[in-house]
Amino acid sequence: MIDMIYARWLLIKRQLPKISLWLIVPVLLTLVVTNVFNNTREDFRMPAAVVVHESSAEANIFIEGLKSSEFMAVEVFNTENSTAAIRELEQYRLDSVFILPEDFAEKIREGQRRDLIETYYTDRSIYYEPAKELAASLVQEQMGEYTTVDYVLELQNNLLDETAVTAEDIAAERKRTETDTNLLQQTFYFLGESADIEETPAFHPWMVWAYITFTVTIFTFDFVTRETISSARVRFNFMKHSYTKFMLLTLVLMTAVMLIIDSVTYVVIKEVLEADISFLSLVMYRIVINVIAFLLAISVKSPMKLYQAAVALTIALLALQLAMPAIISLTGLSLMSSVHPVQMFLANGLNIPWIILISVLMLIWIWRDNNAGS
């Protein structure tokens, strides 16, 4: 075993700088891409303005509701600066302007929907219609709360004079019921079955790392291709250790080294980017992509073909993940997500189907290589 490790060292030591660079590329690119996305995300929000003539709790709730939108950057103007907001709209610096009247809170409490908010937009307003619908839903939600309070108080006066319930208690109970029963979320079923789907953000740092690592890992194993097609392989016919054992040792050593790097990566991404993932899922994902990269490397005839295969597979996996929701909705085959290694990794899965598949492929390769050597 020691002589095999020494032979491995002699063959790979010239490529250590390149391999070391490839090993740290995934975490560096993940940090860079994620930071660039987070820093530029605000630049893609549509600028909008809210002019408040009279400050109130209702106005603040309305403003916070608009700000919670992922597509709007809301700026608040007071009465004195209302003309400045219109001027910025005319100069196309704002997508739309919402003006709340002085009696906004009073109209909300009384349920007056007509002429409640004054809005302005231009012929270049892109997000006005969705913003208007969001504003209407926020107003409707507040009016619904006051309507509920009035209705319950009326019932109390007519039926339960002996029990005193305040408007604040009613509003708090309504909010608690809305939160507990999750009235706004619907669950859809396919083929009569339900599944617990964990919601993941659209831009996940671990997804960026997973795809970069997949490509870089295949690139890293190009030395296996070079050694397979070189004359050095012939020497193993005269040695006590077979080429198959030597390459299996190579796979194990490379996987061990990469898992050490992945452990550091796990801590860095978890602490710096505040993105958590199952460490066991990470380990299984590393094993899967390493074996895939190894089998590709010993199968192709040149490093260039290996690089092309890496890029093509990465694009195919990314396209499949983007199309996965549509495919599942059309076919109802929710199990399809379990065949996607990156999807399973992000869902904290163990990639069991891929573990079984690569185990079978490794056994076939060992059997064929031993028979070819004999």
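None of these values were measured; they are calculated from a predicted model.

A. Spatial organisation of the overall build of the chain. Broken down by element type, the chain carries 14 helices and four strands. When the 374 residues of the chain are sorted by exposure, 38% land in the buried category. Counted over contacts in the chain with a minimum sequence separation of 6, partners at least 24 positions apart contribute 76%.

B. Here's a closer look at the pairing of strand β3 (residues 96–100). Within β3, five of the five residues are buried, which leaves the element mostly enclosed by the surrounding structure. Residues S96, F98 and L100 point to one face of β3 and V97 and I99 to the other, with burial holding for every one of them. Where β3 lies against strand β4 (residues 118–121), four bridges are found, and the strand directions are antiparallel. Paired with S96 across the bridge in β4 is Y121.

C. Representation of unusual backbone geometry. Its identity as a non-glycine residue notwithstanding, E274 has a phi of 55 degrees, on the positive side. The topology assignment puts E274 in the loop between α10 (243–272) and α11 (279–299). Phi is positive for N348, close to 60 degrees, though the residue is something other than glycine. Positionally, N348 belongs in the loop between α13 (341–346) and α14 (352–373). Judged by its relative accessible area of 33%, N348 is partly exposed.

D. Seen up close, the nonpolar core. Membership of the largest hydrophobic core comes to 49 residues, with the highest contact counts inside it found for W206, W209, F221, V224, Y285, F294 and F345. Counting residues per element, the ones that place at least two in this core are α2 (16–40), α8 (205–220), α9 (222–229), α10, α11, α12 (303–331), α13 and α14. Setting aside anything within four residues of it in sequence, one finds F221 in contact with L251, M254, M258, N290, A293, F294, A297 and L306.

E. Spatial organisation of the confidence of the model for the chain. This prediction gives the chain a mean pLDDT of 82; 80% of its residues lie at or above 70. Segment residues 181–202 is flagged for pLDDT under 50; beyond a separation of four residues in sequence, or across chains, it makes seven contacts in the model.

F. Expanded view of the sheet that holds strand β1 (residues 46–52). On the basis of which strands lie adjacent, the open sheet formed by four strands has the order β2-β1-β3-β4 and mixed pairing. Whereas interior strands pair on both sides, the edge strands pair on one side only; in this sheet they are β2 (72–78) and β4. Strand-to-strand, the axes of this sheet are offset by a mean angle of 20 degrees, without reference to chain direction. Strand direction decides the pairing type here: β1 and β3, joined by five bridges, are parallel. Paired with V51 across the strands is I99, a residue of β3.

G. Representation of the environment of L21 within the structure. As for its placement among the helices and strands, L21 is situated in helix α2. L21 sits in the exposed class, given a relative accessible area of 51%. For the pair L21 and T220, spaced 199 residues apart in the sequence, the C-alpha separation amounts to 9.4 Å.

H. Highlighting the pattern of salt bridges. One pass over the full model with this rule turns up six salt bridges. Between D222 and K18 there is a salt bridge; the shortest N-O distance is 2.9 Å. Of this pair, D222 sits in helix α9 while K18 sits in helix α2, and the two are 204 residues apart along the sequence. A salt bridge links K107 to D103, with the nearest nitrogen and oxygen atoms 3.9 Å apart. Connected via shared salt-bridge partners are K18, D222 and R226.

I. Region of the structure containing the side chain of E58. Assignment of secondary structure puts E58 in helix α3 (residues 57–67). Apart from the residues lying within four places of it in its own chain, the contact partners of E58 are F104, A105, I108, R109, Q142 and Y146.

J. Representation of the packing of aromatic side chains within the structure. Scanning the model with the defined rule gives 14 aromatic pairs in all. Relative to F219, the ring of W22 has its centre 5.4 Å away and its plane inclined at 65 degrees; by these criteria the two rings are edge-to-face. Of this pair, W22 sits in helix α2 while F219 sits in helix α8; the two residues are 197 residues apart in sequence, bridging distant segments of the chain. By relative accessible area, which is 15% here, F219 ends up buried. Grouping aromatic residues by their ring pairs yields a cluster made of W206, W209, Y266, F279, Y285 and F345. Its end group placed over the ring of Y92, R124 keeps NZ or CZ at 4.1 Å from the ring centre.

K. Region of interest: α12. Considering bend angle alone, the principal kink of α12 is centred on A323 and spans about 50 degrees; proline P325 follows within four residues of it. Those residues of α12 that sit buried are P303, L306, A310, T314, L317, Q321, M324 and I328. Among the structural elements, α8, α9, α11 and α13 are those in contact with the buried residues of α12.

L. Structural detail: the packing of α10 against α11. In contact at an axis separation of 10 Å, α10 and α11 are set at 145 degrees when each is read in the N-to-C sense. For the crossing formed where α10 meets α11, the hand is right-handed. Along the contact surface, α10 presents M247, L251, M254, T255, M258, L259, D262, S263 and Y266, while α11 presents F279, L282, V283, R286, I287, N290, V291 and F294.

Basis of the calculations
- Residues numbered from 1 in each chain as written.
- Predicted model: local features only at pLDDT ≥ 70, side-chain atom pairs only at ≥ 80, totals over all residues.
- Heavy atoms only, no water.
- Helix = DSSP H or I, 4+ residues; strand = E, 2+ residues; numbered from the N terminus.
- Buried < 20%, exposed > 50% of the residue type's maximum accessible area, 1.4 Å probe, protein only.
- Contact = heavy atoms within 4.5 Å.
- Pairing = 2+ DSSP bridges.
- Core = buried A, V, L, I, M, F, W, Y, C linked by side-chain atoms within 4.5 Å.
- pLDDT = per-residue confidence, 0-100.
- Axes fitted to C-alpha atoms, helices over the stretch in contact; angles between N-to-C directions.
- Salt bridge = Lys/Arg side-chain N within 4 Å of Asp/Glu carboxyl O.
- Phe/Tyr/Trp six-rings, centres within 6.5 Å; stacked < 30°, edge-to-face > 60°.
- Lys NZ or Arg CZ within 6 Å of the ring centre and 35° of its normal.
- Bend = angle between axes of the 7 residues up to and from the residue.
- Left-handed = near helix turned anticlockwise from the far one by under 90°.

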